[in-house]
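# Examination of the molecular architecture
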Amino acid sequence: MKRKNIAVLMTALDSDGQAEILRGIELYGKENGCNIAVFLWFTGVFEKERHNLGEINIAMLPDLGLFDGVILLADALHLKENKERIEALLDKVTCPIVSIGCKYKQAPAVWADNYVGMRDLMEYLVGECGMSRIHFVKGIEGNVDAEARFKAYEDVLSENGIRVNPERITQGDFYVLGGEKAAKEIMQSSLPFPQAIVCANDTMAITVYDILAKKGYRIPEDVVITGYDYSFECQTHYPHIISVRINGQELGKQACKTLLRVCAGKKVDSDYMVPDEVMLNEKKKGTPILGDRDFFASDTVRRKLIHNIITLEKNTMEYAGYGSWLDSLKMFIEQLDPKEFYLCTNEGFIANVFENATIEQETMSDAEWLAYSENVDVPIAYKDGCFTEKASFPSKLALDELFEKGKGGKLYIFSAFHYLTRNFGYFVFVEDDFPVLNPLYMTWLNYMGNCIENTRKQTMLVNAMVKLDDMYVRDSLTGVYNRFGMERYFAIVKEKCIDRQMFLHLSFADIDGLKKINDVYGHE
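The rules behind each value
- Residues numbered from 1 in each chain as written.
- Predicted model: local features only at pLDDT ≥ 70, side-chain atom pairs only at ≥ 80, totals over all residues.
- Heavy atoms only, no water.
- Helix = DSSP H or I, 4+ residues; strand = E, 2+ residues; numbered from the N terminus.
- Rg over C-alpha atoms; globule rule 2.2 N^0.38 Å.
- Buried < 20%, exposed > 50% of the residue type's maximum accessible area, 1.4 Å probe, protein only.
- Contact = heavy atoms within 4.5 Å.
- Areas by Shrake-Rupley, 256 points an atom, 1.4 Å probe, with all protein chains shown as cover.
- Salt bridge = Lys/Arg side-chain N within 4 Å of Asp/Glu carboxyl O.
- Patch = residues over 30% accessible without salt bridge, like charges linked within 9 Å, V, L, I, M, F, W, Y side chains within 5 Å.
- Lys, Arg positive; Asp, Glu negative; His and termini not counted.
- Charge placed at Lys NZ, Arg CZ, Asp CG, Glu CD.
- Axes fitted to C-alpha atoms, helices over the stretch in contact; angles between N-to-C directions.
- Parallel < 35°, antiparallel > 145°, perpendicular 65-115°, else oblique.
- Nonpolar A, V, L, I, M, F, W, Y, C, P; charged D, E, K, R; others polar.
- Polar contact = N/O pair within 3.5 Å; in protein donor to acceptor, adjacent residues only side chain to side chain.
- Left-handed = near helix turned anticlockwise from the far one by under 90°.
- Phe/Tyr/Trp six-rings, centres within 6.5 Å; stacked < 30°, edge-to-face > 60°.
- Lys NZ or Arg CZ within 6 Å of the ring centre and 35° of its normal.

### Description of the overall build of the protein chain
A tally of helices and strands in the protein chain yields 16 helices and 18 strands. The C-alpha radius of gyration computed for the protein chain amounts to 30 Å, which surpasses the reference 24 Å derived for 524 residues by more than 25%, pointing to a less compact arrangement than a globule. Dimensions of the protein chain along its principal axes, counting C-alpha atoms only, are 105 × 60 × 50 Å. Split into buried and exposed, the 524 residues of the protein chain put 47% on the buried side. Considering only residue pairs separated by 6 or more positions, the protein chain has 75% of its internal contacts joining residues 24 or more positions apart. For the protein chain, the computed accessible surface area is about 26,400 Å², with 52% contributed by carbon and sulfur atoms.

Written out as structure tokens, the structure is:
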């Protein structure tokens, strides 16, 4: 089979649910000789818009028309603005598209059967446990998965003659704040305390659990709390929290399989459902906590990585120029030792950040800053333990080796190198776990953006001081030294002549009637 390049648009790879989906895409893609190019960003419902623009800008980097297909994950569309941007981007794409957990036009979609998973959980609580006072914490409004889970809650209550009480429903968000909001509403409610609190995901469930436990509630004796996703945090939480497991690897595998079948001209189903599974027991035989990707779960590895990031921060904190900054980043990459790593920067990066940064840059529009240059430079190329040289290449390729002849079967992860809407380039990790299931990766990305922006502003400040000093000692019309310049320059020349016992000659020139000319015609 001819090698194919598949682009994946996704966010939140620090989540084990997202990581498992990507793992399924990766495994099936590699089995079939495909390169998987992941364009990754980190945004959430509480995101600042300019930071969000800088993050999602990585999706605008490649010419997706050069790829054989695109896989779109639902989390990439969480924000309304991002949904509009991504859909506008995909509207221009001619290659096949397959989505996971969402629907894009008439393209095939692979779904986790959230309705059945939540229905099974609710039937267990209502039917087997005999509960009727069940509080529900919803996910993000308008999210397909969140709506399916809530619909199952409503249906099971109605079918069992239990009224759906709006006061027992909290509009959550899939995040900690949603769990905090739910706990507050439940404790302040005048209704009898619920027998169970069913949350639309594990993050909110764990948040509710922790708050109620601190208030003295016994769980599960006083109230049962359930989540959804069967995340690592949920699996390792004690006492155990009931959750519903999404088969992420199967979702990814089926999405990749569907895409390749479309590429081959074969008929596929417009929708493919992957069943979810209620996890009642603390651990189910054969169900791994982190799958086969648990490298950064090691406390020793995590501590070493934190130390290396802190060292990088200290080494780049001092304003010492481009060479020092580059050496510090190289040292960090060498310690990390990825299979392959590339720092790709827009043309003029060195000049714009370390040399010629000026106040005029502050007047540039977001669109001007966000644009990638036609070609990108590669200041750092690291492969198989060695730094190598790599020539510039067109930015629309994302990485030129993707389109070179040879064996396929690699995982490429692209992330934006930016500060807010100021786009400096991007990072590429190849066949490496640093960006996967690792919250420190997002911390590192944010630090790199903040660091380079601070450097740019320091350069701008130094250049402004030099310019101000030049304006102080020179005539703005002729560029020659004025009185203050002559005082400074004369002191230097005088000292030099005394030290070397040289003669000093002074010449004065004057123009008669210059005042009258200036008064009539002005100084310009």
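### Remarks on the pattern of salt bridges
As enumerated under the stated definition, the model contains 25 salt bridges in all. Across the pair Arg85 and Glu49 runs a salt bridge, and its minimum N-O distance is 2.4 Å. Here Arg85 is found in helix α3 (residues 80-90), whereas its partner Glu49 is found in helix α2 (residues 49-56), with 36 residues between them in sequence. Through salt bridges that share partners, Glu362, Arg422, Glu453, Arg456 and Lys457 make up one connected network.

### Digging into a positive patch on the surface
On the surface, a cluster of positive charge is made up of Lys253, Lys257, Arg261 and Lys266. Its place among the elements puts Lys253 in helix α9 (residues 248-263). Under the relative-accessibility criterion, Lys253 is labelled partly exposed at 33%.

### Structural notes on the environment of Glu313
Following the sequence through the fold, Glu313 ends up in helix α10 (residues 299-317). The sequence separation of Glu313 and Met448 amounts to 135 residues, and the corresponding C-alpha distance is 8.7 Å.

### Remarks on the packing of α10 against helix α14 (residues 439-473)
Their axes nearest at 11 Å, the elements α10 and α14 cross at an angle of 5°. As far as their axial angle goes, α14 and α10 are roughly parallel. Of the residues in α14, those in contact with Arg302, Leu305, Ile306, Ile309, Leu312, Glu313, Thr316 and Met317 of α10 are Leu440, Trp444, Tyr447, Met448, Cys451 and Gln458. Classifying every residue of the contact of α10 with α14 by side-chain character gives ten nonpolar, two polar and two charged.

### Here's the deal with the environment of Tyr412
Structurally, the position occupied by Tyr412 is in strand β17 (residues 411-419). You can call Tyr412 buried: its relative accessible area is 2%. Expressed as a C-alpha distance, the spacing of Tyr412 and Glu340, which sit 72 residues apart in the sequence, is 9.2 Å. Beyond its immediate chain neighbours, meaning those up to four positions away, Tyr412 contacts Asn35, Ile36, Ala37, Val38, Leu399, Glu401, Leu402, Val428, Phe429 and Val430. In terms of polar contacts, Tyr412 uses its side chain to reach the side chain of Glu401, at 2.7 Å.

### What about the packing of α2 against α3?
It is the contact of α2 with α3, at a shortest axis distance of 11 Å, that shows an interaxial angle of 30°. It follows from the interaxial angle that α2 and α3 lie roughly parallel. In the packing of α2 onto α3, the handedness of the crossing is right-handed. Listed contacts from α3 to Glu49, Asn52, Leu53 and Ile56 of α2 are Glu81, Asn82, Arg85 and Ile86. Residue composition of the contact of α2 with α3, grouped by class: three nonpolar, two polar and three charged.

### Brief notes about the packing of aromatic side chains
Here the distance between the centres and the angle between the planes together describe a pair of aromatic rings. As enumerated under the stated definition, the model contains 35 aromatic pairs in all. Taking NZ or CZ as reference, Lys330 lies 5.3 Å from the ring centre of Phe387, over its face.

### A closer look at unusual backbone geometry
Note that the residue after Ile219, namely Pro220, is joined by a cis bond; omega there is 15°. Relative to the elements of secondary structure, Pro220 occurs in the loop between α7 (202-214) and β9 (224-226). Unusually for a residue other than glycine, Asp337 sits at a positive phi of about 55°. Overall, Asp337 belongs to the partly exposed group, its relative accessible area being 43%. Despite not being glycine, Leu437 shows a phi value in the positive range, around 55°. Of note, Leu437 is situated in the loop between β18 (422-430) and α14.

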